[in-house]
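Results of the structural survey
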Amino acid sequence: MFPTAPPAPPADNLCDVCQKPMLGNPGLPDEKVCLNPACVHLMKQKKTLPPILFENIFRIQSQQIRDMNQRAAADEERRKSIDLSIRKDDQELVNQLKNELPDQDAQSSRLISIASANSTLVPLPKKRKEAFENYLKETLATAFSGKTINSKDYAKNRSKLTINNKQNQKVADLENFTGKICSQCRGGCCIAGGNEAFLEVPALRQQINRHPDLTEESALALYLNRLPEKHVEGSCVFHAANGCNLPTDLRSDVCNAYLCNPLTEHREASVEANTVLPALVVSRNYRHYHRYDEEANHEVVSVSVTNADKQRLIDVKNIN
Ligand code: SF4
Ligand code: SF4
Ligand SMILES: [Zn+2]
């Protein structure tokens, strides 16, 4: 049965600033203004500015807020239509594969639709090396100082890591399976590492705590010596031909804990089923975090049937 739709807000109950329907309490008592901080900020000036000045400012800024809302809505629509088109494309591919690959794994597999990394390797640019070195020197100086750093993200990543580890312990081969998916993607999310590789103060303090004999100089050398000669163009400074050039114990919790949504969902489904579920893995040519860029390319770059034991790559040319 369809749920009953909530009653539509009355058409005249619109925010005086952005002209959107007001839902719930107003943003300011005695004013018809919604909870949007920009609308509230503008309306607040009514009390402090001379009326003529307020009228002028109101006319200009309320139009700017409406334009901004319109652009945000158009962008949201664009994103939805990209998601829809990828979903449709993935579904067609899955149907076709299930017809052509009659084996049990292909038939019972779940779809994992992921990004991929750039496949071009280039010498690590000198400028990026220098930028990393400068960043690391500065961050190590803070890490070695007694300065208190509050990082909410640090706790968040620690707890994500604990959850991942618990899942890995619960389901045999889940960790290994996860590694296979990430290697098919070749580290599409590592583009976010940039020149800093997520080596923030808490990550460096972990190293210092683990190795009390480290000095600022030796810690700097530890990381600089791991920079690859060649790296994946445009990706993290440590992103090399065979993956990350840092061993896991030198990486930050961000790197060790992060899993993209499609992979997280598949892992959760596997935990639920108490076994690694086989997957049809479709990797597309956009970089993770850049799926909605104007120039993003969504074409399929690789497809595999992956289960707990093996990964079978399927020739994409014969599929498209
Ligand atoms: S977490 Fe997702 S985006 Fe990152 S490497 Fe693995 S599959 Fe690719
Ligand atoms: S340090 Fe390694 S895992 Fe982290 S973003 Fe860079 S390449 Fe990826
Ligand atoms: Zn408003």
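My aim in this report is to walk through the structure given alongside it, one point at a time. (Residues numbered from 1 in each chain as written. Chains lettered and ligands numbered in written order. Predicted model: local features only at pLDDT ≥ 70, side-chain atom pairs only at ≥ 80, totals over all residues.)

Right, let's get into the overall build of the protein. The number of helices and strands found in the protein is 10 helices and eight strands. Its C-alpha atoms give the protein principal-axis dimensions of about 70 × 60 × 40 Å. For the protein, the residues scored as buried account for 26% of the 320 residues in total. Excluding contacts between residues fewer than 6 apart, the proportion of contacts in the protein whose partners are at least 24 apart in sequence is 66%. (Helix = DSSP H or I, 4+ residues; strand = E, 2+ residues; numbered from the N terminus. Buried ≥ 20, exposed ≤ 12 C-beta atoms within 10 Å, placed from the backbone. Contact = placed C-beta atoms within 7 Å.)

Surrounding ligand 1, one finds Ile114, Ala115, Ile181, Cys182, Cys185, Gly187, Gly188, Cys189, Leu259, Cys260, Leu263 and His288. The dominant element in the shell around ligand 1, judged by the number of residues it contributes, is helix α6 (residues 174–185), at three residues. For the shell around ligand 1, the residue count by class is nine nonpolar, three polar and no charged. (Near = placed C-beta within 6 Å. Nonpolar A, V, L, I, M, F, W, Y, C, P; charged D, E, K, R; others polar.)

The pairing of strands in a sheet happens through backbone hydrogen bonds and is either parallel or antiparallel. Spatially, β1-β6-β7-β8 is the arrangement adopted by the four strands of the open sheet, whose pairing is mixed. Each edge of the open sheet carries a strand with a single partner, namely β1 (110–114) and β8 (311–314). The mean inter-strand angle of the sheet, taken between neighbouring strand axes irrespective of direction, is 25°. Of the strands in this sheet, β1, β6 (279–284), β7 (300–306) and β8 are in contact with α6, which crosses β7 at around 160°. (Pairing = 2+ DSSP bridges. Axes fitted to C-alpha atoms, helices over the stretch in contact; angles between N-to-C directions.)

A few words on the pairing of β7. In the sheet, β6 pairs with β7 via six bridges, with the strands oriented antiparallel. Each residue of the ladder has a partner; that of Arg284, found in β7, is Val300. Pairing geometry for β7 and β8, over four bridges, is antiparallel. Note on β8: the bridge partner recorded for Val305 is Arg312. Adjacent in sequence and paired antiparallel, β7 and β8 are bridged by four residues.

Before going further, it helps to spend a moment on helix α1 (residues 37–44). Of the residues making up α1, those classed as buried are Cys39, Leu42 and Met43. End-on view of α1: buried residues confined to an arc of 95°, all on one side of the axis. Its buried side turned inward, α1 meets α2 (51–100). (Arc of directions from axis to C-beta.)

This part takes up the site of ligand 2. Taken together, Gly187, Cys190, Gly193, Ala197, Phe198, Cys236, Phe238, His239, Cys244, Leu246, Arg251 and Cys255 are the residues near ligand 2. Classifying every residue of the shell around ligand 2 gives eight nonpolar, three polar and one charged.

Within soluble globular proteins, side chains that are nonpolar generally end up buried alongside one another. With 46 residues, the main nonpolar core has Ile114, Ile181, Phe238 and Val281 as its most contacted residues. When residues of this core are assigned to their parent elements, the largest contribution, five residues, is made by α6. In contact with Ile181, not counting residues within four places along its chain, are Ile112, Ile114, Leu263, Val281 and Thr306. (Core = buried A, V, L, I, M, F, W, Y, C linked by C-beta atoms within 7 Å.)

Residues spaced three or four apart along an α-helix face the same direction, because each turn holds 3.6 residues. Given a rise of 1.5 Å per residue, 12 residues ought to cover 16 Å, and the 17 Å separating the end C-alpha atoms of α6 matches this to within 8%. Among all positions in α6, only Leu174, Phe177, Thr178, Ile181, Cys182, Gln184 and Cys185 are buried. All buried residues of α6 project into a common sector of 155° when viewed along the axis, lining one side. Every exposed residue of α6 that faces more than 90 degrees away from the buried side is listed here: Asn176, Gly179 and Ser183. Those residues of α6 hidden inside the fold are in contact with β1, α5 (152–170), α10 (261–273), β6, β7 and β8. (Expected span 1.5 Å × (residues − 1).)

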